[in-house]
Structures are given as structure tokens and as C-alpha cells.
Amino acid sequence: MKLGALTEGGGDAVVTGFAIDHRKVAPGTIFGAFEGARFNGEDFIADAVKAGAVAIVARPSVKVEGALHIASEAPRETFARLAAKFFAPFPATAVAVTGTNGKTSTVEMTRQLWRMRGFHAASIGTLGVTTADDTVSTGLTTPDIVTFLSNVAGLAREGVSHVAFEASSHGLSQYRTEGLPVKAAAFTNLSRDHLDYHGDMETYFHAKMRLFADVLDLDGGTAVVWADDPNALRIEDLARQRGNRLVTVGEHGSTLRLIDREPTLLGQGLVIEAEGKTHKVNLPLIGAYQAANALVAAGLVIATGGDVTQTLSDLSRLQPVRGRLERAVITKVGAPVYVDYAHTPDALEAAIAALKPHTQGRLIIVFGAGGDRDTGKRAPMGQAATAGADVVIVTDDNPRSENPAAIRAQVLEGAPGAIEIGGRRDAIKAAIDMAESQDIVLIAGKGHEQGQIVGDMVLPFDDVTVARESAA
Ligand SMILES: CC(=O)N[C@H]1[C@@H](OP(=O)(O)OP(=O)(O)OC[C@H]2O[C@@H](n3ccc(=O)[nH]c3=O)[C@H](O)[C@@H]2O)O[C@H](CO)[C@@H](O)[C@@H]1O[C@H](C)C(=O)N[C@@H](C)C(=O)N[C@H](CCC(=O)O)C(=O)O
Ligand SMILES: Nc1ncnc2c1ncn2[C@@H]1O[C@H](COP(=O)(O)OP(=O)(O)OP(=O)(O)O)[C@@H](O)[C@H]1O
Ligand SMILES: N[C@H](CCC[C@H](N)C(=O)O)C(=O)O
Ligand SMILES: [Mg+2]
């Protein structure tokens, strides 16, 4: 592609790719120079030009020599728009999910529901890029803009027509998922997380709102809203103002109204009112939170043309999502051990509430909090665990650069009297050894993760495997 086809005054120079890291610049690359949290990309402009960059997207005040300066007050946004032109075409149907908890589950369920209708579908998020054939990890929930757009374009080349992606608040505030038409955008919920990055809840909420204010298609786009969240009305108002269609789901929903939910042995029976009819669904997953995510996923499928009755009936064939209330093993005495990715106070509450109706004895929880992330959520996580579980074991999550004992102490502030066992393997073993036949063990915080981040090292660690080894 010629630079002139992307931007005015670009001329005949050939564009070969896009990069936001100067170390990835090759001859013909357009380099995006952004101010970040740790570095200022503008410091690497000269190096990028030396490496062959043909154009630099940067603020107007910045000096660029030897390449075209594409000046913009919002360089991340401009870069995303140009990169999207370069990487297009994309799958015809793209939808995005934001919210504090439930994004991964919802995009995965959406992918499954589309697949049941015979579409070539994919999802992108914390679990990586998932298609019917495999899952490829990207490292982040919302990859950087170049990885994201090239992945989505690659999916289109493979014949994928439907893609559902997670839009994390970090990703939204850094314009990591812009540029492709988004036909429907979903909001799952808002609760405390990531205040280390966003500062306060209102700023955090506004980062998420960007999905509905800027990213969702203006023409014909649909906002899908979990109507039982206290912030739902703010999203609904915005969607109405912009003239977007609305699909609302939940007890307060009007498109899919949840009338009843009864836990069964292996799942739950849902009664849903839609289009004036009552539908009964046997969802093969436990927990109110999984019902919520399944309904949001159904909302996205309906928003992109799915038939209401068919979509609701397909919910009974959903497969579990990796690391979300995944039953890892049943101990020798008969206690089931679940692994869940709850790493916020609200998620812990939801995971505990999901297991409570299935527990005849005690609920034993093992969890910790990640290092180098929101420290203010630690004590509330301790509180949520103590309020809901009968036995609380506080252990390590991913300490990263922090002192693990100090993280545990902050969690324990909210969980006085809890048992403290630093090593995650020892903690899981202790919980499993302690469990009697009627008890349930919940190992929370790491879900599908395959490693424990300690300092700069990633040590192999999988909660499911460790639980199985401990129960053997
Ligand atoms: C805080 C945060 O989100 N940081 C991400 C962000 O960094 P940043 O823009 O602040 O970048 P920076 O490192 O300060 O560098 C500034 C610019 O200089 C460039 N650079 C930097 C160094 C160099 O030698 N050359 C160079 O060109 C960088 O590529 C960047 O464009 O952009 C980088 C490139 O895409 C990401 O790698 C980085 O993720 C870090 C590693 C991270 O840990 N992110 C986590 C917190 C995150 O994003 N998490 C969310 C999860 C949320 C959820 O699911 O709840 C996610 O979406 O994964
Ligand atoms: N709708 C929900 N309401 C409350 N808690 C939920 C909900 N969905 C999921 N959770 C909790 O959050 C955990 C993470 O779920 P999931 O991975 O789907 O969320 P996510 O938004 O993708 O998280 P992340 O921000 O880490 O990417 C689950 O294991 C569960 O404990
Ligand atoms: N996407 C989440 C993952 C948290 C997982 C937890 N195990 C931790 O390390 O804190 C985040 O970046 O906050
Ligand atoms: Mg996720």
C-alpha cells in the first residue's frame, strides 16, 4: 500500500507495516510514538527513522526528521485509524465486551453460540485468540493495536466471519481495539478493580464508556446491557442519545427478562421472558454469574441477527469456560475442588455465591491478590472471602515485583483470623487435606493461568494440575 493512500501528502512511499515499539520497525513501517506509563515513545522517533520508518504518528509539537510527520493531538487514535485502513478487511461481524468481570466468559460463550449456528467464529481476550481449532495466547487481555488489528485481519483471511473481543479498560483508554466496525458492544458490570491505573471509579467507568461513546458503530450498532448493574442506566441513556439500538438482559432487562433461576445438581434452570413468550432453559453451568454472562452472550448473538428462540435454546449446549468455576478434581473423601478466576472483591463474592447452594458442609477458599496491581482491592477481597466462606486460606497469587508477605498482610487486614499459607502449592494441599466429604474447595484468582509471576520470572503453575496432584 502507498503512503499516499493512507494519508494526505503521503506520496508514493510503500508502507509495509505498523509498529508502536521502535524495536519492531522495519523499512516501510509507520511508527506510532506514544507517551506511556513507563516510557515516552517520542524518545525513539530518531531510532525508528534510522530503522526505516516512512512516517511517524506523533503529537504536532514533536520534532520528526527524515520521515513524514503525521501530526495529531490524539496520536493513538490517529494511528489506530490508519492501521485499520492498512490491515482491513476484517470479519463482517465484530462485537466487543467490556465490564469489570465476565468479559472472557461472555466472548467465549458468544463464540460458542455463533458456532452452533454454523458460523466460522472466533473470540479474542484473556484466553488468547480462540477459534474452533485452537487457542493462541497473546499475553494481554486486549493486545496492543498492531497485534489486535493484524490478528483480526488474519482471522478474516482464515474465513472467520464472526469475532467477539474483550475490551479491557486499559485497552480502551489506550485505543488498543479501534478501527474496525463494531456492530454490537456489551456491558457486563462495574465494580472495583484497576484503580492503580485509573485512579478512581468514575475515571474507570469513563474508560469503559468509551466503548459505547466512541467505538460502537453509530449507524445500526446495538448496545447490549446487563440491566441489573447499578450503572446500566448510564449506558442505556448514552445508547439512546446516540441513536443506537438497545438490547437489555437480566431481571431488569426488557429484551431477555430473567424471571426465575433455580440451581440444579449440574447447572441451573432459567425462566426467561422474551418477545412476549416464556422460555425455559437448562443452562449446564452453575452460578448466577454464569447465567448473567450467558444472557449477555445471547444478547450479542441476537443483536447481530440471531433468532431469539433458537439462541435461548442453544444456551443449553454451552460448554464450560476454562478456569471459570472449573471442577478440577473430586478429592478421595468426595469433596469437589473448583478453580475460578475471581480476582476482585465482587468476583469472589460471585464465585462463592455460585458454590454455596451446592455445599452441604463447609466452603473452603484459597486465594491471594496479584502484585503490582490495585492495592486497594486487597482488604475488600479478604472481606468478601470471610463473609462468604467458612474457612479462608490466604496465599500468594502473582507477587510480581512485590514482597508476597506484604500482599498477604494487606489481604489479611480484611480477613482477620484467616489461615495464612504463603506457598500456593502448600495452601492448595492444606485446603484439600482439610476438606471433608460434604465440603467444597474453591481455589480463586488464577483460573486458566499457566504460570506464577514471581519477580521477573514466570514459574510453571496451574491451579487445576496442582489441585489434582494434591488430591492424588
Ligand atoms: C499499564 C499498561 O497498560 N501498559 C501497557 C501499555 O504501555 P504504555 O503505553 O504505557 O507503554 P510504555 O511501556 O510506557 O511505552 C510507551 C511507548 O513507547 C514504546 N517503546 C517503549 C520502549 C522502547 O524501548 N521502545 C518503544 O518504542 C512502547 O511500545 C509504547 O508505545 O502498552 C504496552 C504496549 O501495548 C503494553 O505492553 C503495556 O502493558 C503492560 C505490560 C501491562 O502489564 N498491562 C496490563 C496492566 C494490562 O493492560 N492489563 C489489561 C487487563 C485488564 C483486565 O483484563 O482486567 C489487558 O488488557 O491486558
Ligand atoms: N457477570 C459476572 N458478575 C460477577 N462476577 C463475575 C461475572 N463474570 C465472571 N465473574 C467472576 O470474575 C471472574 C473472571 O471472569 P472472566 O474471566 O469472564 O472476566 P474478565 O472480565 O474477562 O476478567 P479480566 O478483567 O481479568 O479479563 C470469574 O472467574 C468469576 O469469579
Ligand atoms: N487481567 C487481570 C488479571 C489478574 C489476575 C490475577 N491472577 C493477578 O495476577 O492479579 C489484571 O491484569 O488485573
Ligand atoms: Mg478477561
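One can find the structure itself at the top, above this paragraph.
Keep in mind the model is a prediction, meaning the values are calculated, not measured.

A. Structural context of the site of ligand 3. Neighbouring ligand 3 are His194, Tyr341, His343, Gly370, Arg373, Asp397, Asn398, Arg400, Gly445, Lys446 and Glu449. One of the side-chain N or O atoms of aspartate 397 is found 2.7 Å from a nitrogen atom in ligand 3. The separation between a nitrogen atom of ligand 3 and a polar side-chain atom of glutamate 449 is 3.2 Å. Compared with its free state, where it exposes 350 Å², ligand 3 has 87% of that area covered by protein. Considered class by class, the residues forming the shell around ligand 3 number one nonpolar, five polar and five charged.

B. How the structure looks around the nonpolar core. In this structure, Phe18, Ile30 and Phe87 are the most contacted members of the largest nonpolar core, which totals 54 residues. When residues of this core are assigned to domains, at least three fall in each of domain 1 (2-76) and domain 2 (88-317).

C. Structural context of the site of ligand 2. Around ligand 2, the structure places 20 residues, and the nearest of them are Lys103, Thr104, Ser105, Arg324 and Asp340. Between ligand 2 and threonine 100, the relevant distance is 3.2 Å, taken from an oxygen atom to a main-chain nitrogen or oxygen of the residue. Here an oxygen atom of ligand 2 and a side-chain polar atom of lysine 103 are 2.8 Å apart. Considering ligand 2 on its own, with 630 Å² of exposed area, one finds that the protein chains cover 94% of that surface. Listed by contribution, the elements that provide at least two residues to the shell around ligand 2 are helix 4 (103-116), helix 10 (288-303) and helix 12 (345-355). Grouping the amino acids of the shell around ligand 2 by side-chain chemistry returns six nonpolar, ten polar and four charged. Each of two domains, domain 2 (88-317) and domain 3 (326-471), supplies a minimum of three residues to the shell around ligand 2.

Each value, and the rule that gives it
- Residues numbered from 1 in each chain as written.
- Chains lettered and ligands numbered in written order.
- Predicted model: local features only at pLDDT ≥ 70, side-chain atom pairs only at ≥ 80, totals over all residues.
- Heavy atoms only, no water.
- Near = heavy atom within 4 Å.
- Polar contact = N/O pair within 3.5 Å; in protein donor to acceptor, adjacent residues only side chain to side chain.
- Areas by Shrake-Rupley, 256 points an atom, 1.4 Å probe, with all protein chains shown as cover.
- Nonpolar A, V, L, I, M, F, W, Y, C, P; charged D, E, K, R; others polar.
- Core = buried A, V, L, I, M, F, W, Y, C linked by side-chain atoms within 4.5 Å.
- Buried < 20%, exposed > 50% of the residue type's maximum accessible area, 1.4 Å probe, protein only.
- Domains from an automatic or database assignment.
- Helix = DSSP H or I, 4+ residues; strand = E, 2+ residues; numbered from the N terminus.

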